[in-house]
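Tertiary structure, described
The primary structure of each chain is shown beneath.
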Amino acid sequence: MRISSKGRYAVAAMTELAGIWKNGGSLTVLRISEALGISKIYLEQVFSLLKRAQLVISIKGAQGGYQLAKAPEKITAADILAASELGLFEKTEATVGEAAKELEPVFRGALWDKLDSAVLQSLSSVSLAELSGEAERIRSGGAMMFYI
């Protein structure tokens, strides 16, 4: 499966926003682009898609920026990719032409629909909270602290 840079950047940016969710703060596109090493202009396009999908809200003013529209536990990787990868969840096109049209239901039922379902199920099982938690664990060194 190939996810475009737009989809990958959307997941990364949303993970950054999830990291500040509990504080109620917001992050600017510039700050996110600097933290992730992503083009600000390209990231603005990504946020336009995320806002349209109602995954983020924009905050106006000096302390403005973007913040999650709902709790990270309620946003999945499937939600983010559906917003940013416009063709990812489209049905697979017909495989064979009219000459072998009896094969199309076989491919659809035995292969393509199962694949689409498995991908959606897998992406829906990963919450933004899980991604953010794992990112925080790695940032903090990933090691457990033992006190004696």
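Heads up: the structure comes first, above all this text.
We now turn to the structure provided with this report. None of the values given here were measured: they were computed from a predicted structure.

**Topic: the overall build of the protein chain**
What the protein chain contains, in helices and strands, is six helices and two strands. Along the protein chain, helices and strands appear, N-terminal first, in the series α-α-α-β-β-α-α-α. Projected onto its principal axes, the C-alpha positions of the protein chain cover 65 × 45 × 25 Å. By the burial criterion, 30% of the 148 residues in the protein chain qualify as buried.

**A look at the pattern of salt bridges**
Within this structure, the stated rule accounts for five salt bridges. In this structure, Arg139 engages Glu16 in a salt bridge whose closest nitrogen and oxygen atoms are separated by 2.4 Å. Taken together, the residues Arg139 in helix H6 (residues 128-139) and Glu16 in helix H1 (residues 5-19) connect sequence positions 123 residues apart. A salt bridge links Asp113 to Arg108; the shortest N-O distance between them is 3.7 Å. When its relative accessible area of 28% is taken as the criterion, Asp113 is described as partly exposed. Here the salt bridges share partners, and the residues they tie into one network are Glu104, Arg108 and Asp113.

**What to know about helix H2 (residues 29-36)**
Within H2, burial applies to Val29, Ile32 and Ser33. All buried residues of H2 project into a common sector of 100 degrees when viewed along the axis, lining one side. Exposed residues on H2 whose side chains face more than 90 degrees from its buried face are Arg31, Glu34 and Ala35. Turning to H2, the residues buried within the fold contact H1, helix H3 (40-52) and strand S2 (65-68).

**Some thoughts on the packing of H1 against H3**
When two helices pack together, you describe them by how their axes are tilted relative to each other and by the distance separating the axes. Where H1 contacts H3, the two axes come as close as 10 Å, and the packing angle between them is 75 degrees. Taken as axis vectors, H1 and H3 run roughly perpendicular relative to one another. Packed against H1, whose contacting residues are Ser5, Lys6, Tyr9, Ala10, Ala13, Met14 and Leu17, the element H3 presents Tyr42, Leu43, Gln45, Val46, Phe47, Leu49 and Leu50 at the interface. The residue makeup of the contact of H1 with H3, split by class, is eleven nonpolar, two polar and one charged.

Rules behind the numbers
- Along each chain, residue indices are assigned from 1 in the same order as the chain's sequence is written.
- Totals for whole chains, interfaces and linings use every residue, but because this is a predicted model, local features are given only for residues with pLDDT of at least 70 and side-chain atom pairs only at 80 or more, for both listing and counting.
- Only hydrogens and water are removed before side-chain values are computed, so all heavy atoms of the structure are retained for them.
- The helix and strand labels rest on DSSP assignments: H or I over at least four residues marks a helix, E over at least two residues marks a strand, and numbering proceeds from the N terminus.
- Relative accessibility thresholds used throughout: buried, under 20% of the residue-type maximum; exposed, over 50%; partly exposed, between the two (1.4 Å probe, protein chains only).
- A side-chain nitrogen of Lys or Arg and a carboxyl oxygen of Asp or Glu constitute a salt bridge if their distance falls within 4 Å.
- The arc in question is formed by the directions pointing from the helix axis toward the C-beta atoms.
- When checking whether two residues touch, look at their non-hydrogen atoms; a contact exists if any pair is within 4.5 Å.
- Axes here refer to lines fitted to C-alpha atoms; in helices the fit is confined to the stretch in contact. Angles between the N-to-C directions go from 0 to 180 degrees.
- Roughly parallel means an angle under 35 degrees; roughly antiparallel, over 145; roughly perpendicular, 65 to 115; everything else is oblique.
- Amino acids are sorted into nonpolar (Ala, Val, Leu, Ile, Met, Phe, Trp, Tyr, Cys and Pro), charged (Asp, Glu, Lys and Arg) and polar (every other residue, Gly among them).

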